[in-house]
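One-letter residues, chain by chain:
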Amino acid sequence: MPRQDKERKAAEQSRKEDERFVEEHREGLSKSTQRAKWIHSVDEHEDRPGQTLATRSHDVITQWADERGAMPATVDSEEGQVRVLRLNFPGFGGEDLLEIEWDEWFEPFDQRQLVFLYQEHKAGGQQSNFFRLDSPEREDA
């Protein structure tokens with residue numbers, strides 16, 4: 001099977017999984033997540049600058065972070081467990097952050113069934129570093 005066909009098939013599978021996820025967790029997800037354009041592959045992008053995007057794709061998240069020079073990070077804790085997920089952007093004072101490997105970052109991301117909300121560009125067209133993690137288990141949905 002050609003590579004493009006495999007990627008298209010994987011994106012379609014991801015789309016179906018995300019549709020089931022949103023339907024199953026609709027009550028717990030923020031309105032921003034419910035209204036966002038869902039992105040399933042690195043080939044999909046915003047329709048307009050400033051648009052809120054949502055994904056659970058590791059490839060999309062790592063590519064977005066790489067484009068901004070951001071590294072996966074957590075807040076240093078005595079237990080040595082990854083509790084708070086962050087991204088450490090160069091030049092933004094992440095002195096209190098502990099950089100970790102992507103595998104360490106994605107383990108709690110997947111376990112907690114988080115959604116990565118983000119923007120590619122600000123409404124004015126400049127590259128955006130905005131992201132937020134949404135959880136269907138949060139209490140203030």
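Residues numbered from 1 in each chain as written. Predicted model: local features only at pLDDT ≥ 70, side-chain atom pairs only at ≥ 80, totals over all residues. Heavy atoms only, no water.

As recorded in an unreviewed UniProt entry, the protein chain goes by 1,4-alpha-glucan branching enzyme and comes from Nannocystis radixulma.

Would you take a moment to explain the nonpolar core for this structure?
Nonpolar side chains in soluble globular proteins tend to end up buried together. One finds Trp64, Leu87, Trp105, Phe109, Phe116 and Tyr118 to be the most contacted residues of the largest nonpolar core, which totals 20 residues. For this core, the elements supplying multiple residues, two or more each, are helix H3 (58-67), strand E4 (85-88), helix H4 (102-111) and strand E6 (115-118). In terms of nonpolar packing, the next biggest core, distinct from the first, is built from 8 residues, Phe21, Val22, Leu29 and Trp38 among them. (Core = buried A, V, L, I, M, F, W, Y, C linked by side-chain atoms within 4.5 Å. Buried < 20%, exposed > 50% of the residue type's maximum accessible area, 1.4 Å probe, protein only. Helix = DSSP H or I, 4+ residues; strand = E, 2+ residues; numbered from the N terminus.)

What is the right way to look at H3 in this model?
Owing to its 3.6 residues per turn, the α-helix aligns residues three or four sequence positions apart on the same side. Restricting attention to buried positions, one finds in H3 the residues Val60, Ile61, Thr62, Trp64 and Ala65. For H3, the secondary structure elements touched by its buried residues are strand E2 (53-55), E4, H4, E6 and strand E7 (131-134). Count one or two residues on from H3 and you reach Gly69, which has phi positive near 70 degrees. (Contact = heavy atoms within 4.5 Å.)

How should I be thinking about the environment of Phe109 in this particular structure?
Structurally, the position occupied by Phe109 is in helix H4. Placed 25 residues apart in sequence, Phe109 and Val84 show a C-alpha to C-alpha distance of 9.8 Å. Those residues within four positions of Phe109 in sequence are excluded, and the remaining contacts are Thr55, Arg56, His58, Ile61, Leu85, Leu114, Val115, Phe116 and Leu133.

For this particular structure, what's the right way to read the pairing of strand E3 (residues 71-75)?
Consecutive side chains of a regular strand alternate in pointing toward one face of the sheet and then the other. Here E3 pairs with E4 via 4 bridges, running antiparallel. Bridging from a neighbouring strand, Thr74 pairs with Leu85 of E4. Note that E3 and strand E5 (residues 97-99) share 3 bridges and pair antiparallel. The residue of E5 that forms the bridge with Thr74 is Leu98. (Pairing = 2+ DSSP bridges.)

What exactly am I supposed to notice about the sheet that holds strand E1 (residues 37-38) here?
Hydrogen bonding along the main chain pairs the strands of a sheet, whether they run parallel or antiparallel. Pairing is mixed in the open sheet, where 4 strands are placed in the order E1-E2-E6-E7. Among the strands making up the open sheet, the edge pair consists of E1 and E7. In the sheet, E1 pairs with E2 via 2 bridges, with the strands oriented parallel. In the strand pairing of E2, Lys37 is matched with Leu53. Sheet strands in contact with H4 are E2, E6 and E7, and its direction is about 105 degrees off that of E6. (Axes fitted to C-alpha atoms, helices over the stretch in contact; angles between N-to-C directions.)

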